[in-house]
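# Descriptive structure summary
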Amino acid sequence: ERARMAMAGIKPSETKVTDKQVLSDVVKFMNSSMGLSADRKAFLEILRRSNDGMVFQFASEQMKDDQEAALESIRRRGIAFMYASPRLRSDPKVAWAAVRLDGRALQFASDALRGDRSLVLEALKSYGGALRHASPELR
């Protein structure tokens, strides 16, 4: 794992890194011969080093459908939920994790989950505008 990251020019984190450093690592990884989705462990390490889960936007479609990668991104920034695959935007565990951190994430949940009264109420705790993203039956 470390050897692959070294090949891509990524140094293992021993201290807190800045978003700029993480994005630099992502760009290096994207441009490496391995490709961004070639090594799941390396991508998860990038997410763990990130101060901002928005690096998830650079993930391959395969990684955007990986529950662990989605949750790792969402833990850092709930709105990163917008980059999750449609399957994960229908996953209650992933949607709840996102909405607990940022009520705006409700707008990216599946239609069925936007009809979940308890999820909508959770979203309203941090974002008053969440109701407009709820299903018509709950508005």
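See the structure printed just above.
Residues numbered from 1 in each chain as written. Predicted model: local features only at pLDDT ≥ 70, side-chain atom pairs only at ≥ 80, totals over all residues. Heavy atoms only, no water.

It is worth spelling out the overall build of the chain at this point. Of regular secondary structure, the chain possesses nine helices and zero strands. The helix and strand sequence of the chain, counted from the amino end, reads α-α-α-α-α-α-α-α-α. Going through the 139 residues of the chain one by one, you find that 47% of them count as buried. Surface summary for the chain: the accessible area is close to 7500 Å², and the carbon and sulfur share equals 49%. (Helix = DSSP H or I, 4+ residues; strand = E, 2+ residues; numbered from the N terminus. Buried < 20%, exposed > 50% of the residue type's maximum accessible area, 1.4 Å probe, protein only. Areas by Shrake-Rupley, 256 points an atom, 1.4 Å probe, with all protein chains shown as cover.)

Residues of helix α7 (residues 92–101) that are buried include every one of V94, A95, W96, A98 and V99, and no others. On its buried face, α7 sits against α5 (67–76), α6 (86–89), α8 (111–114) and α9 (117–126). Between the side-chain oxygen at the start of α7 and the backbone nitrogen of K93 there is a gap of 2.8 Å, and the oxygen is on D91. (Contact = heavy atoms within 4.5 Å. Polar contact = N/O pair within 3.5 Å; in protein donor to acceptor, adjacent residues only side chain to side chain.)

We now examine the packing of helix α3 (residues 40–49) against α5. It is at 9 Å that the axes of α3 and α5 come closest, and there the two elements cross at 10°. As judged from the angle between their axes, α3 and α5 are roughly parallel. Of the residues in α5, those in contact with R40, L44, L47 and R48 of α3 are E68, A69, E72, S73 and R76. Residues of the contact of α3 with α5, tallied by class, amount to three nonpolar, one polar and five charged. (Axes fitted to C-alpha atoms, helices over the stretch in contact; angles between N-to-C directions. Parallel < 35°, antiparallel > 145°, perpendicular 65-115°, else oblique. Nonpolar A, V, L, I, M, F, W, Y, C, P; charged D, E, K, R; others polar.)

Ranked by size, the top nonpolar core spans 29 residues in total, and within it F56, F81, V94, L106 and L119 carry the most contacts. Among the elements of the structure, α3, α5, α7 and α9 are those that each provide at least two residues to this core. Aside from chain neighbours lying at most four places away, what touches L119 is A95, W96, V99, L106 and L113. (Core = buried A, V, L, I, M, F, W, Y, C linked by side-chain atoms within 4.5 Å.)

A separate point is the pattern of salt bridges. Per the stated rule, a full pass over the model turns up nine salt bridges. Between E72 and R76 there is a salt bridge; the shortest N-O distance is 2.9 Å. Here E72 pairs with R76, and both are found in helix α5, just four residues apart, close to one helical turn. A salt bridge links D102 to R104; the shortest N-O distance between them is 2.6 Å. Where salt bridges share partners, they join R48, E68, E72, R75 and R76 into one cluster. (Salt bridge = Lys/Arg side-chain N within 4 Å of Asp/Glu carboxyl O.)

Attention now goes to α9. Residues lying three or four places apart along an α-helix face the same way, a consequence of the helix completing one turn every 3.6 residues. By the burial criterion, the buried members of α9 are L119, V120, E122 and A123. Projected onto a plane normal to the axis of α9, the buried residues spread over an arc of 160° and lie on a single side. More than 90 degrees from the buried face of α9, the exposed residues found are R117 and K125. Where α9 is buried, its residues contact α7 and α8. (Arc of directions from axis to C-beta.)

What follows is about the side chain of S110. Tracing the backbone through its elements, the reader meets S110 in the loop between α7 and α8. Each residue touching S110, except ones within four places of it in the same chain, is listed here: R89 and S90.

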